[in-house]
Amino acid sequence: MSDDLINVMQPSLGERELAAVREVFESNWIGRGRRTAEFETRWAEHLGVGREHVVSVNSCTEGTFIAMELLGVGPGDEVVLPSISFVGVANAIASRGARPVFCDVDPHTLNPRVADIEAVLSPRTKAVVILHYGGHPGDVVAIAALCRDRGIKLVEDAAIAPDSRVDGQACGTFGDIAVWSFDHGKIVVTVDGGMLYVRDPELAARAPKVAYLGMEQRSGFDQAMRANTRWWDFDVTSFSRRSTTNDVLSAIGIVQLEQLPEFVARRAEVAAAYDEGFAGLAGLRRPPRLPAGHRTSHYMYWVQLAPELRDVIARDLYARGVYTTFRYPPLHQVPAYGWETPLPGSEAASARTLLLPMHQGLSDGDVRRVVDAVRDCVTARTTDLAA
Ligand SMILES: *Cc1c(COP(=O)(O)O)cnc(C)c1O
């Protein structure tokens, strides 16, 4: 195995982030303060929404748990999500005593179609949670319309869609609540962190309390608080956990967000080079084309292979120093969720799909190495299979 392994995902953190962290250290205010407020404001501007609708959290998963609480999801409720989803979403639903109901996905886009969601709605459906697979917006516009018509809340897990849009509107702003992730494997990286968007003004006003111990937000950083006597008094409005972040991580986030356009532009170049490099390659299917008006964040580049070859080719590529993976293994096959109905689209997708290295740190040489390795491995194994 080659010792210069090409990572499948990789953050870009450097001198600018270190300088921002140094500044926070020197300010002697490392907790939640000015930098966190600024990151929230910048994120709201990036989305094109009012600042009061955006709340920072310490992970996207925490954001999802908060979303379920804000929507009042509880025992007897059903929440629909694609089987190809991040495990934390199903946990957020199940932890409230509600039932995760898995819908199927299109086997090529790995996103659910409107019909997939409609097929599993019931009078108990309280909410639908979708993600934007690979960064592709998917049928979010039609799914949002369906949910509105049926009086069902829509949550967008926009973890991997920080810069995905439909006709200019940011993914995450089509539904009622959205969450983003800034963990080590995402595009905008704060090491760990997340953001929450809440459309309803009353729920948006509650969100910061749910994110902080169910308390009215009080901090010595707040000048108005310091003017009061006994700023240490508090009241509890829900039995919540502490899901807040801090200025060290938020300072990193501000610098990362500034670079998001460059990151996505480089990812687009990598995707275009892969598209060209794999054109006409027998045995490999490239990712679907984006519909007109859709913009992707290029979080993933996925190819599809014969099910009997996918794992073998992943190992061949690893031996050549190219690390690949598959996200997200189907949740309907995880026994803990107690699901029994087959979902053929999700099963086909999870047997065929392989994620190739995709990040802004890839050099042109890395991209060539990946293309050559994939072409060689697929050709060799496909010829074997045909023989
Ligand atoms: C990474 C990821 C999450 C979870 O994000 P964390 O910040 O690590 O909690 C949720 N959904 C999707 C689609 C993800 O890829």
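Residues numbered from 1 in each chain as written. Predicted model: local features only at pLDDT ≥ 70, side-chain atom pairs only at ≥ 80, totals over all residues. Heavy atoms only, no water.

Draft legend 1. How the structure looks around the pattern of salt bridges. Applying the stated criterion to the full structure yields 23 salt bridges. A salt bridge links D163 to R295; the shortest N-O distance between them is 2.6 Å. Here D163, found in the loop between strand 5 (153–157) and strand 6 (165–166), pairs with R295, found in strand 10 (residues 294–295); they are 132 residues apart in sequence, far enough to count as distant. Here D163 falls in the buried class, since its relative accessible area comes to 7%. The class of R295 is partly exposed, set by a relative accessible area of 36%. (Salt bridge = Lys/Arg side-chain N within 4 Å of Asp/Glu carboxyl O. Helix = DSSP H or I, 4+ residues; strand = E, 2+ residues; numbered from the N terminus. Buried < 20%, exposed > 50% of the residue type's maximum accessible area, 1.4 Å probe, protein only.)

Draft legend 2. Region of interest: the nonpolar core. Of all hydrophobic cores here, the largest spans 87 residues; its most connected members are W43, V128, Y133 and W180. Here this core gathers at least three residues from each of two domains, domain 1 (15–256) and domain 2 (260–386). Formed by 26 residues, the second largest nonpolar core is a distinct cluster that contains L305, L309, I313 and V371. (Core = buried A, V, L, I, M, F, W, Y, C linked by side-chain atoms within 4.5 Å. Domains from an automatic or database assignment.)

Draft legend 3. Here's a closer look at the site of the ligand. What surrounds the ligand is the set S59, C60, T61, F86, D157, A159, I160, S181, D183, K186, G193 and Y328. Between the ligand and the protein, one listed contact pairs a nitrogen atom with a side-chain N or O atom of D157 at 2.6 Å. A distance of 2.8 Å separates an oxygen atom of the ligand from a polar atom in the side chain of S181. Protein chains shield 93% of the accessible area of the ligand, which is 380 Å² for the free molecule. (Near = heavy atom within 4 Å. Polar contact = N/O pair within 3.5 Å; in protein donor to acceptor, adjacent residues only side chain to side chain. Areas by Shrake-Rupley, 256 points an atom, 1.4 Å probe, with all protein chains shown as cover.)

Draft legend 4. The packing of helix 3 (residues 60–70) against helix 7 (residues 201–211), seen in detail. Following both chains from N to C, one finds helix 3 and helix 7 inclined at 125°, their axes separated by 10 Å at the closest point. By the angle between their axes, helix 3 is oblique relative to helix 7. Crossing of helix 3 over helix 7 shows right-handed handedness. Residue-level contacts link I66, E69 and L70 of helix 3 to L203, R206, A207, V210 and A211 of helix 7. Taken together, the residues that form the contact of helix 3 with helix 7 break down as 6 nonpolar, no polar and 2 charged. (Axes fitted to C-alpha atoms, helices over the stretch in contact; angles between N-to-C directions. Parallel < 35°, antiparallel > 145°, perpendicular 65-115°, else oblique. Left-handed = near helix turned anticlockwise from the far one by under 90°. Contact = heavy atoms within 4.5 Å. Nonpolar A, V, L, I, M, F, W, Y, C, P; charged D, E, K, R; others polar.)

Draft legend 5. Broad picture of helix 7. Burial in helix 7 covers these residues: L203, A204, A207, P208, V210 and A211. Along helix 7, the residues classed as buried sweep out an arc of 160° about the axis, all on the same side. More than 90 degrees from the buried face of helix 7, the exposed residues found are P201 and E202. Its buried side turned inward, helix 7 meets strand 1 (54–57), helix 3 and strand 9 (194–198). Once helix 7 ends, the next one or two residues include L213, with phi positive near 60°. (Arc of directions from axis to C-beta.)

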